[in-house]
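Spelled out, the chains give:
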Amino acid sequence: MELRRCANDFNMMAERLQRYERELKDSSAAIAHELRTPLTAAGARVQGMIDGVFPCDASQLKQVMLQLDSLGRLVADLHAYSLALSGQFDLTIEAIRLRDLVQERCDWAQPQLDAEGMVVHNRLDAELDLSNPRAADAARNEHVLSKLRALCCKSDNISAGFG
């Protein structure tokens, strides 16, 4: 009976390991693709400037910088993900007012949002009772707000947006 249970446990562990290896291969391919895209775009732009296809001016360099910023964000996300997987993802829990945090990020991004013709309304108090402090990590919440802004804007020219 003990031997059978041990064999079943071993088989389940082997199946989990195979599934983990498949997921690791799939995620590695996805990560490589995500990293390759901005790197390729930046390299092509620089090569175009070297070859005289694009003028070597501030406008072109800004396009390269946007791609490098995108690459930097992907690497930072990958680093955070690896920390979370290893159980080393540190959170700084403190009392924050989510509505105030959202308003601060909106105010900070307002010039870029205005340039895009976007209007943001912070209606957290009206829809949810979030005016009281909550235990949360302000920096991680700011990061989430940056991601939400990026999803809404779908525009690299205001990549500094909320964060």
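Note: the structure precedes this text.
Criteria and cut-off values
- Residues numbered from 1 in each chain as written.
- Predicted model: local features only at pLDDT ≥ 70, side-chain atom pairs only at ≥ 80, totals over all residues.
- Heavy atoms only, no water.
- Core = buried A, V, L, I, M, F, W, Y, C linked by side-chain atoms within 4.5 Å.
- Buried < 20%, exposed > 50% of the residue type's maximum accessible area, 1.4 Å probe, protein only.
- Helix = DSSP H or I, 4+ residues; strand = E, 2+ residues; numbered from the N terminus.
- Contact = heavy atoms within 4.5 Å.
- Salt bridge = Lys/Arg side-chain N within 4 Å of Asp/Glu carboxyl O.

As for the nonpolar core
Phase 1: Among the nonpolar cores identified, the biggest contains eight residues, and these are I96, L101, V102, C106, L124, A136, A138 and L145.
Phase 2: The element contributing the most residues to this core is helix α3 (residues 98-115), with three residues.
Phase 3: When near neighbours in sequence (up to four residues on either side) are disregarded, I96 contacts L101, N132, P133, R134, A136, A138 and N141.

Regarding the pattern of salt bridges
Phase 1: One pass over the full model with this rule turns up two salt bridges.
Phase 2: Two residues, R5 and E2, come together in a salt bridge whose shortest N-O distance is 2.7 Å. Of this pair, R5 and E2 both sit in helix α1 (residues 2-50), three residues apart, which is roughly one turn of that helix.
Phase 3: Owing to a relative accessible area of 47%, R5 belongs among the partly exposed residues under this scheme.
Phase 4: A relative accessible area of 55% means that E2 is categorised as exposed.

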